[in-house]
Amino acid sequence: DGAHAERIFTTKDISPEGIFLASNESFPLETIFNLRIHTPSTSEPINTEAKVVRVAKDENLRVIGMGLVFIKLSDNDQKELFKHLYLAYHYLANK
């Protein structure tokens, strides 16, 4: 079933509130779906529900990605996300 197919996207930007996924594929605004985020600093994926709030297009109007806001993030997954962001920030700051 294509509606429930798993897809893999590249993350271009992530924050405690949301994420930008680079893709030439998009979903309609307000679409809500389950999202698993795999990071180098977490052993298990971060699980959340996310809602499409923006579809980005290039100058030729081709889809280049989607902005999503997290709408369901457990306290534990939120802590794991903050840990990943903290480690990534300090890694980049010391390069």
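Look up a bit, the structure's there.
The following refers to the structure shown. (Residues numbered from 1 in each chain as written. Predicted model: local features only at pLDDT ≥ 70, side-chain atom pairs only at ≥ 80, totals over all residues. Heavy atoms only, no water.)

## With respect to the overall build of the protein
- If you tally the helices and strands in the protein, you get 1 helix and 5 strands.
- From first element to last, N terminus to C terminus, the protein shows the α and β order β-β-β-β-β-α.
- Across the 95 residues of the protein, 31% fall into the buried class.
- Within the protein, residue pairs in contact and separated by at least 24 positions form 46% of the contacts whose partners lie at least 6 positions apart.
- When the accessible surface of the protein is summed, it comes to about 6,800 Å², and 52% of that surface belongs to carbon and sulfur atoms. (Helix = DSSP H or I, 4+ residues; strand = E, 2+ residues; numbered from the N terminus. Buried < 20%, exposed > 50% of the residue type's maximum accessible area, 1.4 Å probe, protein only. Contact = heavy atoms within 4.5 Å. Areas by Shrake-Rupley, 256 points an atom, 1.4 Å probe, with all protein chains shown as cover.)

## Examining unusual backbone geometry
- The phi dihedral of Glu30 falls on the positive side, at around 75°, and the residue is not glycine.
- Tracing the backbone through its elements, the reader meets Glu30 in the loop between strand S2 (18-22) and strand S3 (32-37).
- The backbone phi angle of Leu61 is positive, close to 65°, even though this residue is not glycine.
- By secondary structure assignment, the location of Leu61 is in the loop between strand S4 (46-57) and strand S5 (63-73).

## A look at the nonpolar core
- Core analysis: the largest hydrophobic core is formed by 16 residues, its most contacted members being Ile14, Ile19, Leu21, Leu35, Ile37, Leu68 and Phe70.
- Residues contacting Phe70, with those up to four places away along its chain left out, are Ile14, Ser15, Pro16, Glu17, Gly18, Ile19, Leu35, Ile37, Thr48, Glu49, Ala50 and Leu81. (Core = buried A, V, L, I, M, F, W, Y, C linked by side-chain atoms within 4.5 Å.)

## Re the pairing of S5
- Of the pairings in the sheet, the one linking S2 to S5 comprises 5 bridges and is antiparallel in character. Considered in S5, the bridge of Ile19 is made with Leu68.
- Sheet topology places S4 next to S5; 9 bridges connect them, and they run antiparallel. Directly across from Val55, in S5, lies its bridge partner Met66. (Pairing = 2+ DSSP bridges.)

## Observations regarding the side chain of Thr48
- Its location among the elements puts Thr48 in strand S4.
- The exposure class assigned to Thr48 is buried, which follows from its relative accessible area of 5%.
- One polar contact links the side chain of Thr48 to the main-chain carbonyl oxygen of Lys72, over a distance of 2.5 Å.
- Thr48 has contacts with Phe33, Asn34, Leu35, Ile37, Phe70, Ile71, Lys72 and Leu73, leaving out every residue within four places of it along the chain. (Polar contact = N/O pair within 3.5 Å; in protein donor to acceptor, adjacent residues only side chain to side chain.)

## Notes on the pattern of salt bridges
- All chains considered together, the criterion is met by 3 salt bridges.
- A salt bridge links Glu49 to Lys72, with the shortest nitrogen-to-oxygen separation between them at 3.9 Å. With Glu49 in strand S4 and Lys72 in strand S5, this pair connects stretches of sequence that are 23 residues apart.
- A salt bridge links Arg62 to Asp58; the shortest N-O distance between them is 3.0 Å. (Salt bridge = Lys/Arg side-chain N within 4 Å of Asp/Glu carboxyl O.)

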